[in-house]
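Report on the structure
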Amino acid sequence: MKKKFLIANWKMNLNPRQSQAVAASYVKRIQSSSSVTTILCPSFTSLQGVIATVNRTSHVSVGSQDCFWKSSGSYTGEESPLVLSALGVRFVIVGHSERRIHLGESDAVVRLKVQSIMQDAKLVPILCIGENGTQKKSGKTFSILTNQLKTAFDGIQTIKQCLVAYEPIWAIGSGNPIVPADSKKISTWIREYLRGRFNSRIASVTPILYGGSVDVTNAHSIITEGGVDGLLVGSASLDAKQLAMLHDAIKSR
Ligand code: PGA
């Protein structure tokens, strides 16, 4: 069976002690399962503690919410993908809409980060793409997604490992998730895009995820009917019990 993914994006929530407590409680609650990989993404300052907490739990990994696109140098306040790798981070979220909106991150910056994550640090990017509500209403969803994917992979010959998360901005934090039929349509389109841009093998092995107002009431239908290999969850991932319920919803697919 193809592996499923549950990504917990804790954003700028939970201090180091709270992050470790949620991680420890989550690990205790889930049965050892090889069919779901959980990726906990705490803030930078909590990474080390969470890595120590999930240490030796083979199906729980730790990801960073961002990184810079250079390995070292005079970049005050930034975090190097190589340093993240040395810490034990394996995945990096890149291009999240909150960074695009609040930090002005462009598609071109996302591309630099994707390259650095994959090529310099040999980490796995979780590339977030998605349109906003206005773009959706004006029928621009696929042209926005095309631009985001085209730029993010510009100059990249092949992908060893990458996750693509479709996260429509209108769904994030709105309580208004995608309907599974639309998720299916978009995930199929993303797979076709990857087939055309790379090849059939990459298209079939690249996990495609959905994110945006996922919770325990909708996770099962999105994962069973939405054509996706996993879910990227924000607010519903902050509580260990809910996160474990999301895990079980994905597992019992
Ligand atoms: P949400 O956030 O689950 O709180 O909508 C998802 C995300 O931004 O990744």
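Residues numbered from 1 in each chain as written. Predicted model: local features only at pLDDT ≥ 70, side-chain atom pairs only at ≥ 80, totals over all residues. Heavy atoms only, no water.

1. Quick word on the sheet that holds strand β3 (residues 60-64)
The test is simple: At least two DSSP bridges between two strands are needed for those strands to be called paired. What counts as a helix is a DSSP run of H or I of at least four residues, what counts as a strand is a run of E of at least two, and both are numbered from the N terminus. Orientation is described by axes fitted as lines to C-alpha atoms, over the contacting stretch for helices, and by angles from 0 to 180 degrees between their N-to-C directions. Note on contacts: a residue pair qualifies if any of its non-hydrogen atoms lie within 4.5 Å across the two residues.
What the eight strands build is a closed barrel, ordered β1-β2-β3-β4-β5-β6-β7-β8; its pairing is parallel. Here the strands of the sheet are splayed against their neighbours by 25 degrees on average, with no regard to which way each runs. Of the strand pairs in this sheet, strand β4 (residues 91-94) and strand β5 (residues 124-129) are connected by four bridges, and their pairing is parallel. Paired with Val94 across the bridge in β5 is Leu127. Its contacts with the sheet place helix α2 (residues 44-54) against β2 (36-41) and β3, and it is angled at close to 170 degrees to β3.

2. Points about the pairing of strand β6 (residues 163-166)
Threshold: Note on classification: 1.4 Å probe, protein chains only; a residue is buried when its accessible area is under 20% of the maximum for its type, exposed when over 50%, partly exposed between these limits.
Taking every second residue as pointing to the same face, both faces of β6 are buried, with Leu163 and Ala165 on one and Val164 and Tyr166 on the other. Sheet topology note: the β5/β6 ladder contains four bridges and is parallel. Bridge assignment links Cys128 to a residue of β6, and that residue is Ala165.

3. Notes on the packing of aromatic side chains
The following threshold applies: Stacked, edge-to-face and tilted are the three classes for Phe, Tyr and Trp ring pairs, Trp counted by its six-membered ring, which pair at centre distances within 6.5 Å; planes under 30 degrees apart are stacked, over 60 edge-to-face, the rest tilted. Whether a charge lies above a ring is judged from NZ of Lys or CZ of Arg, which has to be within 6 Å of the ring centre and within 35 degrees of the ring normal.
Inspection of the entire model under this criterion finds six aromatic pairs. Seen in terms of ring centroids, Tyr166 and Tyr210 are 6.5 Å apart; in terms of plane orientation they differ by 50 degrees. Their pairing is tilted. You can see Tyr166 sitting in strand β6 and its partner Tyr210 sitting in strand β7 (residues 208-211), a full 44 residues away along the chain. Judged by its relative accessible area of 3%, Tyr166 falls in the buried class. Under the relative-accessibility criterion, Tyr210 is labelled buried at 0%. An aromatic cluster of three or more residues is present, and its members are Phe68, Trp69 and Tyr75. A cation sits over an aromatic face here: Arg197 above Phe198, 4.5 Å from the ring centre.

4. Concerning unusual backbone geometry
With phi around 70 degrees, Leu14 is a residue other than glycine that occupies positive phi space. For Leu14, the location among the structural elements is in the loop between β1 (4-9) and α1 (16-29). Look at Arg56: it is not a glycine, yet its phi comes out positive at around 70 degrees. Inspection of the secondary structure assignment puts Arg56 in the loop between α2 and β3.

5. Quick notes on the site of the ligand
Heads up, the rule is: Near is defined per residue: the residue qualifies when any heavy atom it owns lies within 4 Å of the molecule or strand. We call two N or O atoms a polar contact when they sit within 3.5 Å, provided that within protein one can donate a hydrogen and the other can accept it, with sequence-adjacent residues counted only if both atoms are side-chain atoms. Surface exposure here means Shrake-Rupley accessible area, sampled with a 1.4 Å probe, where a residue is shielded only by the protein chains that are shown. Residue classes follow a fixed rule: Ala, Val, Leu, Ile, Met, Phe, Trp, Tyr, Cys and Pro count as nonpolar, while Asp, Glu, Lys and Arg count as charged, and any other residue, Gly among them, counts as polar.
Every one of the 13 residues lining the ligand counts as a neighbour, but Lys11, His96, Gly173, Ser213 and Gly234 are closest to it. Contacts to the ligand include Lys11, whose side-chain N or O atom sits 2.7 Å from an oxygen atom. Burial of the ligand by the protein chains amounts to 97% of its free accessible area of 280 Å². Among the residues making up the shell around the ligand, the classes are represented as three nonpolar, seven polar and three charged.

6. Describing the nonpolar core
Our working rule: Only buried Ala, Val, Leu, Ile, Met, Phe, Trp, Tyr and Cys residues count toward a nonpolar core, and they belong to the same one when joined by side-chain atoms within 4.5 Å.
Leu40, Leu127, Phe153, Tyr210 and Leu231 are the most contacted members of the largest nonpolar core, which totals 63 residues. In terms of residues, this core owes the most to one element, helix α11 (residues 240-251), which gives six residues.

7. As for the pattern of salt bridges
Applicable threshold: Any Lys or Arg side-chain nitrogen located within 4 Å of an Asp or Glu carboxyl oxygen qualifies as a salt bridge.
In the structure shown here, the tally under the stated rule is eleven salt bridges. The salt bridge involving Glu105 is made with Arg99; its shortest N-O contact spans 2.7 Å. The closest approach of N and O atoms between Asp154 and Arg111, which form a salt bridge, is 3.9 Å. Linking Asp154 in the loop between α7 (141-152) and β6 with Arg111 in helix α5 (residues 107-120), this pair joins segments that are 43 residues apart in sequence. Classification of Asp154 as partly exposed rests on a relative accessible area of 42%. The class of Arg111 is partly exposed, set by a relative accessible area of 23%.

8. Some thoughts on the environment of Gly211
For Gly211, the location among the structural elements is in strand β7. Judged by relative accessible area, which is 0%, Gly211 ranks as buried. Separated by 134 residues in sequence, Gly211 and Gly77 place their C-alpha atoms 28 Å apart. Those residues in contact with Gly211 that sit more than four places away from it in its chain are Tyr166, Glu167, Pro168 and Leu232.

All quantities given are derived from atomic positions and should not be read as evidence of function.
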